[in-house]
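The chain contents come next:
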Amino acid sequence: MTTASTVHPVDEKLPAGRLAALGLQHVLVMYAGAIAVPLIVGRALKLSPEQVALLISADLFCCGLVTLIQSLGFTRWFGIKLPVMMGVTFAAVGPMVAMANAMPGPDGARAIFGAIIGAGVIAMLLAPVMGRLLRYFPPVVTGTIIAVIGISLMRVGVGWALGGPANLAQNVDVPKLVAMVDGAKATAEAAAASAAPGASAPALKLGPVPMVNNPGYGALDNLAIAGFVLAVVLLLVKYGRGFVANIAVLLGIVAGSVLAVALGKMNFDKVAKAAWVDVVTPFAFGMPSFDPLMIGTMTLVMIVVMIESTGMFLALSDITGKRVSQAELTAGLRTDGLGTLIGGLFNTFPYTSFSQNVGLVGVTGVRSRYVCVAAGVIMIVLGLLPKMAALVESVPQFVLGGAGLVMFGMVAATGIRILGRVDFAGNRHNLYIVAISVGMGLVPLVAPRWTQQMPHQLHPLLESGILLAALTAVLLNLFFNGSRGADTAASVEASKSFDAH
């Protein structure tokens, strides 16, 4: 705890050089996720390349701005004042793509931004209600959620190393498919010619769609570079001292990038083509339109986001050793809403805390929130200087993959460490809470299309393993432990101060 004579590590102000390097490390970790959503939504809206570039610049700018509000704090109403990096949430991608498909072009963009603005305002109003849920997050709940966050993120890290999500492992073998269709048509035509007059035409019979392995997925040279990055990070963690050990992930990514350049797997073509300066302005697509149904859909997404953020904040509280009060948790959740409102105004999307950066805090042991403040400044600069943004974007994903395994594993390890403080021997019900909640959290991971028979409106809620784990753990804890499990003092135990390093 902070006293008159000591400063908590979260509030420690580091030298400018260290802040810049550590901040850049956070930016590299989150950059791929930060630009992915505007790319996906921009293409779904069928926007021009220049308009998609505008979305990316706006996203980077707002990432930095909202990160400053969250980490630095803005009055007592906004900002949890922990080392938090804010980025566009993937929970909103599904609904936004559906909206884009129904209404492409600038009109669709204005409708999406209107829904985001409305949802951001509602989320700010809901934040105090969500903040009161802290008492329902004792260690058995918090540890389970954080473990599921880490396990879920491993899919991202492995995807980085392998070259994308698992569905990219194979492509449709188009020549074989064309030959199959032509053959089936010829067979059907021959059968129709020999059939009796008036008989119905035979059905066109096709076998399984022929697939061919994607040569870019799981390429051994890319895996070798990811392994090299992982080895560099581990060596620096073991043998490095002080600042070098703290930026082990950044140095590993730099080393991997140098190797990728040497092997011809990384180039700077996009850097040469990018503009030097691009000013981000609000309402670049015109005044937003407000559809109540779309606002309602996006509000459901924000409820998912705030429940996930609660888990992230408690994870950071545990990693940094700084207790989070109900008022601070509410201020953090309110910033999710404010960031989403800002996103809608500046032509971008809903914001939440990025869980991969939580893992980076655990890996480095650097708990100062001013590192994320520095990262926020870097993100703002990247949003205003597209050439610099293109330089960071040129880092291949397989280079990030080696570092991702370390960082995301650290998140899961943090959850396991919290569960180590849970009484399993005296209360065997806690075993059931953890077992069922982890199982529910893994459903979207092992069966991504498990909701395909369910109403589409429920998909944003059911496709988040973190949300499923959180709801299951909270409800089972209330069922088995009742009022004992909803004790505020026990909840605070999950985020009490202790030195993890």
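Each residue is numbered by its place in its chain's sequence as written, counting from 1. Whole-chain, interface and lining totals are the exception, using all residues; otherwise, since this is a predicted model, local features are given only for residues with pLDDT of at least 70 and side-chain atom pairs are given and counted only at 80 or more. Only hydrogens and water are set aside when side-chain values are computed; all heavy atoms of the structure are taken into account.

- As annotated in an unreviewed UniProt entry, the protein carries the name Purine permease and is attributed to Ideonella alba.
- UniProt positions are given in the numbering used here, feature names are shortened, and annotations may be inferred rather than shown by experiment. Quoted verbatim from the Subcellular location (unreviewed entry) heading of the UniProt record, the comment on the protein is "Cell membrane".
- Its UniProt record gives the protein a comment under Sequence similarities (unreviewed entry), which states: "Belongs to the nucleobase:cation symporter-2 (NCS2) (TC 2.A.40) family."

1. Quick notes on the nonpolar core
Here comes step 1: Of all hydrophobic cores here, the largest spans 133 residues; its most connected members are M96, I112, V249, M298, F349 and M379.
Here comes step 2: Ignoring sequence-local partners within four residues, the contact set of V249 consists of Q25, V29, V233, L360, V363, A403 and M407. Here, nonpolar core refers to any group of buried Ala, Val, Leu, Ile, Met, Phe, Trp, Tyr and Cys residues whose side-chain atoms link them within 4.5 Å. For the exposure calls, accessible area comes from a 1.4 Å probe over protein chains only, and a residue counts as buried if that area is under 20% of its type's maximum, exposed if over 50%, partly exposed in between. Only heavy atoms matter for contacts: two residues are in contact if any of them lie within 4.5 Å across the pair.

2. A closer look at the packing of aromatic side chains
Here comes step 1: Stacked, tilted and edge-to-face pairs are distinguished by plane angle, under 30 degrees for stacked and over 60 for edge-to-face with tilted covering the rest, among Phe, Tyr and Trp rings (Trp via its six-membered ring) whose centres lie within 6.5 Å. Inspection of every chain in the model, using the stated rule, returns five aromatic pairs.
Here comes step 2: For the pair F61 and F346, a centre-to-centre distance of 5.8 Å together with 45° between the ring planes defines the contact as tilted. Taken together, the residues F61 in helix α2 (residues 49–72) and F346 in the loop between α12 (326–345) and β4 (351–353) connect sequence positions 285 residues apart. An identical accessibility class is assigned to F61 and F346; each is buried.
Here comes step 3: Taking the centre distance of 6.1 Å and the plane angle of 40° together, the rings of F113 and F349 count as tilted. One end of the pair, F113, is in helix α4 (residues 105–131); the other, F349, is in the loop between α12 and β4, and 236 residues separate them in sequence. For the residue pair F113 and F349, the accessibility class agrees, reading buried in each case.
Here comes step 4: A network of ring pairs unites the aromatic residues F113, F285 and F349 as a single cluster. The helix count covers DSSP runs of H or I at least four residues long, the strand count covers runs of E at least two residues long, and both are numbered beginning at the N terminus.

3. Comments concerning the environment of G23
Here comes step 1: With respect to the helices, strands and loops of the structure, G23 is situated in helix α1 (residues 16–44).
Here comes step 2: Judged by its relative accessible area of 0%, G23 falls in the buried class.
Here comes step 3: Along the sequence, G23 and G376 sit 353 residues apart, while their C-alpha atoms lie 7.8 Å from each other.

4. Thoughts on the pattern of salt bridges
Here comes step 1: Definition used for salt bridges: Asp or Glu carboxyl oxygen within 4 Å of a side-chain nitrogen of Lys or Arg. One pass over the structure, following the stated rule, counts six salt bridges.
Here comes step 2: Close ionic contact of K322 with D11 constitutes a salt bridge, the shortest N to O distance being 3.4 Å. Residue K322 is located in the loop between α11 (292–320) and α12, and its partner D11 is located in the segment before α1; the two are separated by 311 residues in the primary sequence.
Here comes step 3: Residue K322 is classed as buried on the basis of its relative accessible area of 17%.
Here comes step 4: With a closest N to O distance of 2.8 Å, K265 and D221 form a salt bridge. In this pair, K265 is assigned in the loop between α9 (248–262) and α10 (269–273) and D221 in helix α7 (residues 220–239), connecting sequence segments 44 residues apart.
Here comes step 5: Assessed through its relative accessible area of 30%, K265 is described here as partly exposed.

5. A closer look at unusual backbone geometry
Here comes step 1: One non-glycine residue with positive phi stands out, namely K46, at about 60°.
Here comes step 2: Here K46 shows up in the loop between α1 and α2.
Here comes step 3: Look at K81: it is not a glycine, yet its phi comes out positive at around 60°.
Here comes step 4: Here K81 lies in the loop between α2 and β1 (86–88).
Here comes step 5: On the basis of relative accessibility, which here comes to 33%, the residue K81 falls in the partly exposed class.

6. Thoughts on empty space enclosed by the protein
Here comes step 1: We place a 1 Å grid over just the protein atoms. Points where a 1.4 Å probe fits but has no way out form a cavity, open points with protein on both sides within 12 Å along at least 5 of 7 lines form a pocket, and any residue with an atom within 4 Å of a point lines it. Grid points are joined across faces, edges and corners, and a volume is the space filled by probe spheres set on the points. If you walk through the whole model with that rule in mind, you get two cavities of 30 Å³ or more.
Here comes step 2: Quantified by volume, the largest cavity comes out at close to 50 Å³.
Here comes step 3: Following the grouping adopted for this structure description, the nonpolar residues are Ala, Val, Leu, Ile, Met, Phe, Trp, Tyr, Cys and Pro, the charged ones are Asp, Glu, Lys and Arg, and the polar ones are all others, Gly among them. Across the lining of the largest cavity, the residue classes tally to five nonpolar, three polar and no charged.
Here comes step 4: Lining the second largest cavity are I80, K81, L82, K322, R323, V324 and E328.
Here comes step 5: Tallied by class, residues from the lining of the second largest cavity come to three nonpolar, no polar and four charged.

7. Let's talk about α7
Here comes step 1: The end-to-end C-alpha separation of α7 is 28 Å, in line with the 28 Å expected for 20 residues at 1.5 Å each.
Here comes step 2: Turning to α7, its buried residues number three or more, namely N222, I225, A226, V229, V232, V233 and L236. Burial along α7 is one-sided: seen end-on, the buried residues are contained in an arc of 115°. Of the exposed residues in α7, those oriented more than 90 degrees away from the buried face are L220, L235, K238 and Y239. Working rule for helices: expected span equals 1.5 Å times residues minus one. Read the arc as the range of directions from the helix axis to the C-beta atoms.

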